[in-house]
Amino acid sequence: MDPGFFLGHCSCLPPAAAATWDQCWGDSAPSLPSWESPPTLTFGAFLVACGLRDLGLQGQGWALLCSASYQIDLFCWPSRLPLAGNLFHSCSVASAALEFVEGHFLQIELAEICTKSERYIGTEGGGMDQSISFLGEEGKAKLIEFNPLRATDVQLPSEASFVIANSCVAMNKAATSHFNTRVMECRLAAKFLAKYKGLQWNKALCLEEVQIKLGLSLEEMLLLVEEVFHSEPYSQEEVCNYLDISLEKLKTQILCKNTQDVLLFKLYQRAKHVFSEAARVLQFKKICEEAPANAIQLLGDLMNQSHVSCKNLYECSCPELDRLVDVCRQFGAQGSRLTGAGWGGCAVSLVPTDKLPDLLANVQETYYQSSQGRSAVEKRCLFATRPGGGALVFLEA
């Protein structure tokens, strides 16, 4: 990976974030640096400081973060990755800031702090991006699992390459309710399943948690989804009736702030996507371990199935991404799917190495050069890549 990906793209904290800062720290808030003069507080340091505050690490930790933000602003590399491309720029900012206080924490702890930190911008994100930013290793894919956080090496086929292609549709997930709505739909689906099976549904927050408590396989959970849910969207009233709660409790105790006005929830579709996607991840790992002769084809099929599920069940794709995925497959990709949060950003494609030059040339001509807006940025939008190392601090010899 581009090292600028991990230690680049830092910026000053915008004045609008001061209210969030005061809310997080209250009377104990450290003084904010000036927005106009260095040393400036990077947005990453702001997020991390909020996360560290939750852990009670103030004082010395804050001084280290101020120092870190100054160093990052002076010494970061400019990133070559497209902004708002769903290649987790945002978590790289927090990761870069926190890496400067690495002596206090293990890498796994750093990932968990960054996960909590980013929620202060209003997105109910998970920890996948932060985890791989810290735990990534050169030449290895990682199976990331949670509760507890752990990473398992996955050896990818040597005769295959990955291609990143930007749809040129920018998606700021913190500026819309799309991302959080999906999280809340999954949370409601978890509560429905928990109540149906006699668990403490009010404590259920995610689908994996319900699966673990039930001791069921992913295949069994998919059958349970078919048994519990209907395919039509659920209204607020129907959710309240099933859970036997008031509308006020639904809005204030279950839904996050920017999803309280959502009227319909697609619980069946979201739950089916989550469990089927998890099954595909494990199948992907199994194929890599067994390394059959047609491994690239099998892995590509799983990626294609994943995109269809993201498009039709999770509904987080967009027409431009769908078009880009089709173009990549047309010119030699065995598999192609959106990556990141969706609704824009990038597609990742699995390509046999011998087909890589032709694919890059044809996708460039067909998708980028056919549009004046895309052709202006095509050099930053299409490239081959491989697994790289995680966040680290470079020390002068």
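Look up: the structure comes first, before these words.
Quick look at the structure, then. A quick note: this is a predicted structure, and the numbers were derived from the prediction, not measured.

The next subject is the packing of helix 8 (residues 178-196) against helix 13 (residues 267-290). Two elements in contact, helix 8 and helix 13, have axes whose closest approach is 9 Å; the angle formed by their N-to-C orientations is 90°. Between helix 8 and helix 13, the interaxial angle falls into the category roughly perpendicular. On the side of helix 8, the interface is formed by R182, E185, C186, L188, A189, F192 and L193, while helix 13 contributes L267, R270, A271, V274 and F275. Among the residues forming the contact of helix 8 with helix 13, the class breakdown is nine nonpolar, no polar and three charged.

What follows deals with unusual backbone geometry. Despite not being glycine, A291 shows a phi value in the positive range, around 50°. Examined against the element boundaries, A291 turns out to sit in the loop between helix 13 and helix 14 (295-312). Residue classification places A291 among the exposed positions, given a relative accessible area of 52%. In this structure, W343 takes a positive phi of about 60° despite not being glycine. Here W343 lies in the loop between strand 6 (335-338) and strand 7 (346-352).

Another aspect to go through is the environment of L223. Structurally, L223 can be placed in helix 10 (residues 218-228). Since its relative accessible area comes to 61%, L223 is described here as exposed. Sequence spacing of L223 and K272 is 49 residues, and the spatial spacing of their C-alpha atoms is 9.3 Å.

Here the focus is the pattern of salt bridges. Scanning the entire structure with this criterion turns up 16 salt bridges. Here R386 makes a salt bridge to E138, at a shortest N to O gap of 2.0 Å. Residue R386 is found in the segment after strand 8 (382-385), and its partner E138 is found in the loop between helix 7 (128-135) and strand 1 (141-145); the two are separated by 248 residues along the sequence. Residue classification places R386 among the exposed residues on the basis of a relative accessible area of 52%. Residue R182 pairs with E185 through a salt bridge whose shortest N-O separation is 3.8 Å. With R182 and E185 both in helix 8, this residue pair falls three residues apart, about one helical turn. No difference in accessibility class separates R182 from E185, as the two residues are buried. Salt bridges sharing common partners tie together R182, E185, K266, R270 and E315.

Conventions adopted
- Residues numbered from 1 in each chain as written.
- Predicted model: local features only at pLDDT ≥ 70, side-chain atom pairs only at ≥ 80, totals over all residues.
- Heavy atoms only, no water.
- Axes fitted to C-alpha atoms, helices over the stretch in contact; angles between N-to-C directions.
- Helix = DSSP H or I, 4+ residues; strand = E, 2+ residues; numbered from the N terminus.
- Parallel < 35°, antiparallel > 145°, perpendicular 65-115°, else oblique.
- Contact = heavy atoms within 4.5 Å.
- Nonpolar A, V, L, I, M, F, W, Y, C, P; charged D, E, K, R; others polar.
- Buried < 20%, exposed > 50% of the residue type's maximum accessible area, 1.4 Å probe, protein only.
- Salt bridge = Lys/Arg side-chain N within 4 Å of Asp/Glu carboxyl O.

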